[in-house]
Amino acid sequence: MKLILSIVNHDDAGAVTSALTKRGFSSTKLATTGGFLMSGNATLIVGVDEEKVQTVIDIIKEQCHSRKQMIPTATEMSYGYYPSMPVEVVVGGATIFVVDIERFERV
């Protein structure tokens, strides 16, 4: 048994969970916040047999998309903060962890 933890952009979370459900996989979605941009993410939790791990990863890859976003920056001067040029960053996609499960019980 494996536990798949996938951190996805909140814009992609609905599509991922729908696609997983259509393919017969149950998932739990947790609302989370990223550390860099402090933006909304979703952490998806899926428990599967080892031979189905790649199928779940493929579904996540199909539904998650990278996109570019402009973020404001600020410069600290002696009298306060002054705005500077915004920076373009790539957001989205997915970060996926696959963890071995030693024991699983449904109660």
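Residues numbered from 1 in each chain as written. Predicted model: local features only at pLDDT ≥ 70, side-chain atom pairs only at ≥ 80, totals over all residues. Heavy atoms only, no water.

1. As for the overall build of the protein chain
Counting secondary structure elements, the protein chain contains two helices and eight strands. Ordering the α and β elements of the protein chain from the N terminus gives β-α-β-β-α-β-β-β-β-β. By the burial criterion, 27% of the 107 residues in the protein chain qualify as buried. Pairs at least 24 apart in sequence give 67% of the contacts found in the protein chain among residues at least 6 apart. (Helix = DSSP H or I, 4+ residues; strand = E, 2+ residues; numbered from the N terminus. Buried < 20%, exposed > 50% of the residue type's maximum accessible area, 1.4 Å probe, protein only. Contact = heavy atoms within 4.5 Å.)

2. Describing the nonpolar core
Val-8, Leu-20, Val-48 and Val-56 are the most contacted members of the largest nonpolar core, which has 17 residues in total. The greatest single-element share of this core, amounting to five residues, is contributed by helix H2 (residues 53-63). If we skip the residues at most four places from it in the chain, Val-8 touches Ala-13, Asn-41, Ala-42, Leu-44, Ile-60, Cys-64, Gly-93 and Ala-94. (Core = buried A, V, L, I, M, F, W, Y, C linked by side-chain atoms within 4.5 Å.)

3. Focus on a nonpolar patch on the surface
On the surface, a nonpolar cluster with roughly 220 Å² of combined accessible area is contributed by Ile-7, Phe-97 and Val-99. Structurally, the position occupied by Ile-7 is in strand S1 (residues 2-9). (Patch = residues over 30% accessible without salt bridge, like charges linked within 9 Å, V, L, I, M, F, W, Y side chains within 5 Å. Areas by Shrake-Rupley, 256 points an atom, 1.4 Å probe, with all protein chains shown as cover. Salt bridge = Lys/Arg side-chain N within 4 Å of Asp/Glu carboxyl O.)

4. Focus: the sheet that holds S1
Spatial ordering of the open sheet is given by S2-S3-S1-S8, a layout of four strands whose pairing is antiparallel. Across the chains shown, the open sheet's two edge strands, defined by having one partner strand only, are strand S2 (28-33) and strand S8 (94-100). Going across the sheet, the axis of each strand differs from the next one's by a mean of 20 degrees, ignoring polarity. Note: S1 against strand S3 (residues 40-48), eight bridges, orientation antiparallel. The partner of Ser-6 across the bridge, within S3, is Leu-44. Relative to S3, helix H1 (residues 10-22) is tilted by about 20 degrees, and along the sheet it contacts S1, S2 and S3. (Pairing = 2+ DSSP bridges. Axes fitted to C-alpha atoms, helices over the stretch in contact; angles between N-to-C directions.)

5. Focus on the pairing of S3
Relative to S3, S2 runs antiparallel, the two sharing six bridges. Within S3, the position partnered with Ala-31 by the bridge is Ala-42.

6. Notes on the pattern of salt bridges
One pass over the structure, following the stated rule, counts two salt bridges. A salt bridge links Asp-100 to Lys-2; the shortest N-O distance between them is 2.1 Å. Of this pair, Asp-100 sits in strand S8 while Lys-2 sits in strand S1, and the two are 98 residues apart along the sequence. Judged by its relative accessible area of 14%, Lys-2 is buried.

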